[in-house]
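Working through the structure, step by step
Next come the chains, spelled out residue by residue.
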Amino acid sequence: MSVNRRQFDCLVIGGGHAGLEAALAASRMGVKTLMATLSMETIGQMSCNPAIGGVGKGQLVKEIDALGGEMGLAADATGIQFRQLNASKGQAVRSSRCQSDRKRYKLYMQRVVAAQKNLSVTAQQVTQLLIEGHGVVGVRTASGEDIRARTVVITTGTFLRGRIHVGESITPGGRVGEPAAYSLADSLESLGLPLLSFKTGTPPRLDGRTIDFSRMARQDSDEHPIPFSFRTKQLPTELLPCWITRTSRETHDIIRSSLHLSPMYSGRIQSTGVRYCPSIEDKIVKFSDKGSHHVFLEPEGLDTDEYYPNGISTGLPAEVQLRMVHSIAGLEEAVMVRPGYSIEHGVVPPTELRLSLETKKIGKLFLAGQINGTTGYEEAAAQGLIAGINAARRVKGEGPFVLGRHEAYIGVLIDDLVTKGTEEPYRMFTSRVEHRLIVREDNADRRLCRYGNELGLLSDDDYRSVNRKYDAIERELTHLRTTRVAPGTPLDDELVKAGSAPLRQSTLLSDVLKRPGVSYQMIAPYDGDLKNFPREVIGQVEYEIKYEGYIERQSRIVDRFRNLENIKIPADLDYDALSGLSREVREKLKRFAPVSLGQANRISGMTPAAVSFLMVYLRKRSLEKTRAATEPKD
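Small disclaimer: the values here were computed from a predicted structure and weren't measured.

Structural notes on the overall build of the protein chain
Helix and strand counts for the protein chain come out as 21 helices and 22 strands. Taking 26 Å as the expected radius of gyration for a compact globule of 634 residues, we find that the protein chain reaches 26 Å, a close match to that expectation. Oriented by its inertia axes, the alpha-carbon framework of the protein chain measures out at about 95 × 80 × 50 Å. Within the protein chain, the proportion of its 634 residues that are buried is 58%. Long-range contacts, defined here as pairs at least 24 residues apart, represent 73% of the contacts in the protein chain between residues at least 6 apart. Carbon and sulfur atoms provide 48% of the accessible area of the protein chain, an area that totals close to 26900 Å². Across the protein chain, the mean location of the 85 positive side-chain charges is 4 Å away from that of the 77 negative side-chain charges.

Right under this line is the structure:
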């Protein structure tokens, strides 16, 4: 990981989840890349909970993997528990999650970085951006060194003006024991990029040897876990359980009596916190009718006794945290290894970005991760991957790579941020995705592997493997839709057992499978051509048949949606000359600079009348240009 001091094509600031994906993507696309991080030892560090995936987040990891990113492979290689959430619900909302070995995850990523061609690493703090004209040309470090770069990707996580709160104590830092990035924040503001402040937090860590697990509910890994990566051949076999307990009335009384010591409620923190992963103080205040809240005891790894009590994130004083912990069933004698804390950090409003994640004001400068107002490893990694791809394409003189809302959760994530902005830390959910019947976790490889291969991030062999899989699925679907089964076979008995009626006439296998309570595996023994597919593939076949009508309907909606996306808005369009638009609408269009009519339609405050006017104007303009180009010249 030696540093080459000559000019770099891409310089990535930060070695967290966003920085890793950005640096790996750019270097794998053949551009000379430098990662600048505070410490080699913290590359790939899981700053908060030792887990990857979750509701809406597992989809992001699968998509990162399909595009050729690294997070899914790392999660599979270092996982110590694997579960599919919402498994009893439809395929559209199922999400994978794993507990990771914190130390092994970090070491895995460091090995990948060390072995990556075109990628160098320097342990230096970047303090200033170097600008020429309207674009970035490099950075200056704390040691005074200038490093030239054709593109720069900033992935500072919680380090940008980070302030750590434990009770009344306030310490500058991006993580405990690590300095905050204040000079870089000042540099961004001096260049016209405003900074907001968001808040997140983490719970105390506990010594597992002092926890009474007999008083808790055990939660094991799935019996047949599904990998995050389609490239993973085998998952680890050494797995650990999680444990579930609950806060008590005493817990809530301790917290209520200490709210004046909480930085969130004493006024020391004015920043906006995470709505969907609140501190325990927030839970007690905002959900005062609840008598208790779940606490998930998550192991930190195979080689440590440390546990992460998910659900009690807090910034209360350490002595109050200990009393709170001891009031929870099974934790009466628990030893606190280190206290939890709240942290404020700087955020650039994501409306300052293009869909490529390049800033509008400063050319060749890209932002990814928590600096854009998101929360979570998966959201950060997804942005990092797209920023790294687009930085590399900028170097090569190629156009931006942008995923649509109809193509990927990543497309929804970035479009939401850039088009709507966010007033609180943004977290991905399945409910944010309007086309989730066809944009699912199980078909991420089908949707996105073509892009990964075209970008040079996914090998030809891996791409061919995905194509073979879906060719087999298509053949199976065709077989089900064209093959009939006659009444009077043992299948009738199975249907009756499932609460369904026996067949009265020759029926298509697909129609049998559409019946409630009937599964692919139930009908397979009665048709010799049905295959013994892996469980996740069988799930896809079942889903495509059972939800066929809904999928077709949503596909038609997507086609109509794409018509708006295909109407491009020229970058030089003079909105002030469009008198048919209100002043408010013109100001919004100038501020957000949408690239398509579809994106303009999603800007808050845009009216159907304004969209219709803009559509007519753009079509008229296009016709006039076409006519001018075809008219004979004198």
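Looking at the packing of aromatic side chains
Evaluation of the coordinates by the stated rule reveals five aromatic pairs. Judged by centre distance (4.4 Å) and plane angle (20 degrees), the ring pair of Tyr543 and Tyr547 falls under stacked. Owing to a relative accessible area of 4%, Tyr543 belongs among the buried residues under this scheme. Cluster of aromatic residues (ring-pair linked, three or more members): Phe213, Trp243 and Tyr307. We note Arg450 situated over the ring of Tyr451; from NZ or CZ to the ring centre the distance is 4.6 Å.

A short note on the pattern of salt bridges
The full count for this structure, using the stated rule, is 45 salt bridges. Residues Asp186 and Arg161 are paired through a salt bridge, measuring 2.8 Å at the closest nitrogen-oxygen approach. Of this pair, Asp186 sits in helix H5 (residues 182-190) while Arg161 is found in the loop between strand E9 (146-154) and strand E10 (163-166), placing the two residues 25 residues apart along the sequence. The residue Asp416 makes a salt bridge to Lys420 at a minimum N-O spacing of 3.4 Å. Taken together, the residues Asp416 and Lys420, both in helix H11 (residues 409-420) and four residues apart, mark about one turn of the helix. A residue is classified by how much of its surface remains accessible, and Lys420, at 45% relative accessible area, is partly exposed. By sharing partners, the salt bridges in this structure join Arg405, Asp415, Asp416, Lys420, Glu434, Glu565 and Arg602 into a single network.

So, the sheet that holds strand E14 (residues 217-219)
Reading across from one edge, E14-E15-E16-E17-E13-E18 is the order of the six strands in this open sheet, with antiparallel pairing throughout. Where the open sheet ends on each side, the last strands, each with one partner, are E14 and strand E18 (336-338). Between one strand axis and the next, the sheet turns through 35 degrees on average, direction left out of account. For strand E16 (residues 294-299) and strand E17 (residues 306-310), the ladder comprises four bridges, and the chain directions are antiparallel. Each bridged residue has a counterpart across the sheet, and for Leu297 the counterpart in E17 is Pro309.

Comments concerning the sheet that holds strand E4 (residues 79-85)
Ordered by their spatial adjacency, three strands build an open sheet running E3-E5-E4, and the pairing between neighbours is antiparallel. The outermost strands of the open sheet, each flanked by one partner alone, are strand E3 (51-53) and E4. Going across the sheet, the axis of each strand differs from the next one's by a mean of 15 degrees, ignoring polarity. Here E4 runs beside strand E5 (residues 95-100); their pairing, made up of six bridges, is antiparallel. Counted as the bridge partner of Gln84 is Ser96 from E5.

Some remarks on the side chain of Thr155
Inspection of the secondary structure puts Thr155 in the loop between E9 and E10. We classify Thr155 as buried; its relative accessible area is 6%. Beyond its immediate stretch of four places on either side in the chain, Thr155 contacts Val12, Ile13, Gly14, Ala18, Gly19 and Ala368.

A look at the nonpolar core
With 125 residues, the main nonpolar core has Ile52, Leu129, Val152, Ile154, Leu365 and Ile410 as its most contacted residues. If one sorts the elements of this core by residue count, helix H10 (residues 377-395) sits on top with 11 residues. Beyond its immediate stretch of four places on either side in the chain, Ile154 contacts Ile13, Leu129, Leu184, Leu188, Leu365, Phe366, Leu367, Ala368 and Ile371. With 22 residues, the next largest nonpolar core counts Leu259, Val295, Met324 and Ile328 among its residues.

Quick look at the environment of Ala181
Note that Ala181 resides in the loop between strand E11 (169-172) and H5. With a relative accessible area of 9%, Ala181 lands in the buried category. Leaving out residues up to four positions away in the same chain, Ala181 has contacts with Gln125, Phe159, Leu160 and Arg161.

A short note on unusual backbone geometry
Phi is positive for Leu357, which is not a glycine, with a value near 75 degrees. Relative to the assigned elements, Leu357 resides in the loop between strand E19 (341-347) and strand E20 (365-367). Judged by its relative accessible area of 1%, Leu357 falls in the buried class. The phi torsion at Ala593 lies on the positive side, around 45 degrees, for a residue other than glycine.

Conventions adopted
- Residues numbered from 1 in each chain as written.
- Predicted model: local features only at pLDDT ≥ 70, side-chain atom pairs only at ≥ 80, totals over all residues.
- Heavy atoms only, no water.
- Helix = DSSP H or I, 4+ residues; strand = E, 2+ residues; numbered from the N terminus.
- Rg over C-alpha atoms; globule rule 2.2 N^0.38 Å.
- Buried < 20%, exposed > 50% of the residue type's maximum accessible area, 1.4 Å probe, protein only.
- Contact = heavy atoms within 4.5 Å.
- Areas by Shrake-Rupley, 256 points an atom, 1.4 Å probe, with all protein chains shown as cover.
- Lys, Arg positive; Asp, Glu negative; His and termini not counted.
- Charge placed at Lys NZ, Arg CZ, Asp CG, Glu CD.
- Phe/Tyr/Trp six-rings, centres within 6.5 Å; stacked < 30°, edge-to-face > 60°.
- Lys NZ or Arg CZ within 6 Å of the ring centre and 35° of its normal.
- Salt bridge = Lys/Arg side-chain N within 4 Å of Asp/Glu carboxyl O.
- Pairing = 2+ DSSP bridges.
- Axes fitted to C-alpha atoms, helices over the stretch in contact; angles between N-to-C directions.
- Core = buried A, V, L, I, M, F, W, Y, C linked by side-chain atoms within 4.5 Å.

Note that every value here comes from positions in space, so none of it alone points to a role or purpose.
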